[in-house]
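Spelled out from the first residue to the last, the chains are:
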Amino acid sequence: MENGNRPLRIALTKGRLEKDTVGLLEKIGYDCSAVHDKGRKLILPVGDSIEVVLAKAADVITYVENGVCDMGVVGKDTIMEMNGKFFEIADLGFGRCKFALAGKKGSDFYSGYNVKTIATKYPNVSRAFFEKKGMDVDIVKIEGSVELAPLLGLADAIVDIVETGTTLRENGLEVFEDISPISARLIVNRVSLKMRQQEIESLITLIEDNL
Ligand code: PRP
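To start, this report covers the structure provided alongside it. Every value quoted in this text rests on a predicted model; they were computed, and no experiment measured them.

### Quick look at the overall build of the chain
What the chain contains, in helices and strands, is nine helices and eleven strands. The C-alpha extent of the chain, read off along each of the three principal axes, is 60 × 30 × 30 Å. Counting only residues that meet the buried cut, the chain has 46% of its 211 residues in that class. In the chain, of all internal contacts separated by at least 6 residues, the share reaching a separation of at least 24 is 67%. Element-wise, carbon and sulfur atoms account for 49% of the exposed surface of the chain, whose accessible area totals about 11,400 Å². Measuring between centres, the 27 positive side-chain charges of the chain sit 2 Å from its 32 negative side-chain charges.

Here is the structure:
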């Protein structure tokens, strides 16, 4: 596996976090024009010393964990679900939302003794939440638009991300309970932090000074 003298490689989560992350890199003085004009390119130079990799959230963690990217920007939701081996260095303050338990408005989720079914994209987060409550549940993994599951009668509730609350509201659902706050985090590969300590630490300092 290559490592050596390549530019410092940062994996960025495509989509919701992308704009704020690029904004942060620009604020600290990096030229991100290649990212703005990326077309379908996935690895993009940012200044002379950094290259940015655009990936899905879970893949950001995989690449950082395996050391093919030195650093990454990813949501706490994905970090909580994947539990990887890396350093979580900083809360970047953007991408703020929360994990919540939600379901059909007015339904009495907590009553009765039947085992409830929970639909979610985050089975590990859900399992940990209900284990802590001492509540036995069945978890069904859904890939997207999890809100459909209670509407279609597949689940009693969902564990999902709530940002503005619009998706819940427009589908007749409501939050039963907040689970935890979420925001974008800066993560670093453990070996990279040792091998490229000076480079990485000065970038972390720059980032932290500009939050
Ligand atoms: C997320 C989440 C909710 C929605 C919440 O989905 O799963 O569906 O955003 O946002 P809101 O509170 O502002 O309405 P996303 O848009 O990432 O798409 P997905 O459902 O396909 O994963």
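### Digging into the pattern of salt bridges
Between side chains of opposite charge, a pair can form when the charged atoms approach closely. Taken as a whole and assessed by the stated rule, the structure comprises eleven salt bridges. The closest approach of N and O atoms between K38 and E18, which form a salt bridge, is 2.9 Å. Of this pair, K38 sits in the loop between α2 (33-36) and β2 (43-46) while E18 sits in helix α1 (residues 18-27); the two residues are 20 residues apart in sequence, bridging distant segments of the chain. The exposure class assigned to K38 is partly exposed, which follows from its relative accessible area of 26%. Where E143 meets K141, a salt bridge forms, and the shortest distance between an N and an O atom there is 3.3 Å. The exposed category is assigned to E143, whose relative accessible area is 62%.

### Some points on a positive patch on the surface
On the surface, K14, R40, K56 and K121 cluster together to form a positively charged patch. Locating K14 in the fold gives a position in the loop between β1 (8-13) and α1.

### Topic: the packing of aromatic side chains
The full count for this structure, using the stated rule, is five aromatic pairs. Look at F109 and Y110: their rings are 5.2 Å apart centre to centre, the planes differ by 85°, and that puts the pair in the edge-to-face class. Under the relative-accessibility criterion, Y110 is labelled partly exposed at 40%. Measuring from ring centre to ring centre gives 6.4 Å for F109 and F130, while their planes differ by 50°; the resulting arrangement is tilted. One end of the pair, F109, is in the loop between β6 (97-104) and β7 (116-120); the other, F130, is in helix α5 (residues 123-133), and 21 residues separate them in sequence.

### A word on the site of the ligand
The ligand sits among 13 residues. The nearest are R16, K121, E147, T164 and T167. Contact between the ligand and D160: an oxygen atom at 2.7 Å from a side-chain N or O atom of the residue. A distance of 2.8 Å separates an oxygen atom of the ligand from a polar atom in the backbone of E163. In isolation the ligand exposes 500 Å². Once the protein is present, 73% of that is buried. For the shell around the ligand, the elements supplying multiple residues, two or more each, are β9 (157-162) and α7 (166-170). The greatest single-element share of the shell around the ligand, amounting to three residues, is contributed by β9. Residue composition of the shell around the ligand, by class: two nonpolar, six polar and five charged.

What counts as what
- For every chain, the first residue of the written sequence is number 1, and numbering continues from 1 along that sequence.
- Per-residue local features of the predicted model are confined to residues with pLDDT of at least 70, and side-chain atom pairs are confined, for both listing and counting, to 80 or more; whole-chain, interface and lining totals are unaffected and use all residues.
- Water and hydrogen atoms were dropped before computing side-chain values, which therefore reflect all heavy atoms in the structure.
- In this text, helices come from DSSP runs of H or I with a minimum length of four residues, and strands from runs of E with a minimum of two, each type numbered from the N-terminal end.
- Only protein chains enter the accessibility calculation, which uses a 1.4 Å probe; a residue whose area is less than 20% of its type maximum is buried, one above 50% is exposed, and one in between is partly exposed.
- Throughout, a residue-residue contact means that at least one pair of heavy atoms, one from each residue, lies within 4.5 Å.
- Surface accessibility in these figures is a Shrake-Rupley result with a 1.4 Å probe; residues are shielded only by whichever protein chains are displayed.
- Only four residue types enter the tally: Lys and Arg on the positive side, Asp and Glu on the negative side; His and the chain ends are excluded.
- For the purpose of locating charges, the reference atoms are NZ of Lys, CZ of Arg, CG of Asp and CD of Glu.
- Should a side-chain nitrogen of Lys or Arg be within 4 Å of a carboxyl oxygen of Asp or Glu, the pair is scored as a salt bridge.
- Patch membership is restricted to residues that have no salt bridge and whose relative accessible area is over 30%. Joining uses 9 Å for like charges and 5 Å for the nonpolar side chains Val, Leu, Ile, Met, Phe, Trp and Tyr.
- Put simply, two rings from Phe, Tyr or Trp (the six-membered ring, in Trp's case) pair if the centres are within 6.5 Å, and we call them stacked under 30 degrees between planes, edge-to-face over 60, tilted for the rest.
- For this description, a residue counts as near a given molecule or strand if any of its non-hydrogen atoms is within 4 Å of it.
- Polar contact is defined as a pair of N or O atoms within 3.5 Å, subject to the rule that within protein one atom must be able to donate a hydrogen and the other to accept it, and that residues adjacent in sequence are counted only when both atoms are side-chain atoms.
- Just so you know the grouping, Ala, Val, Leu, Ile, Met, Phe, Trp, Tyr, Cys and Pro go in nonpolar, Asp, Glu, Lys and Arg go in charged, and all remaining residues, Gly too, go in polar.

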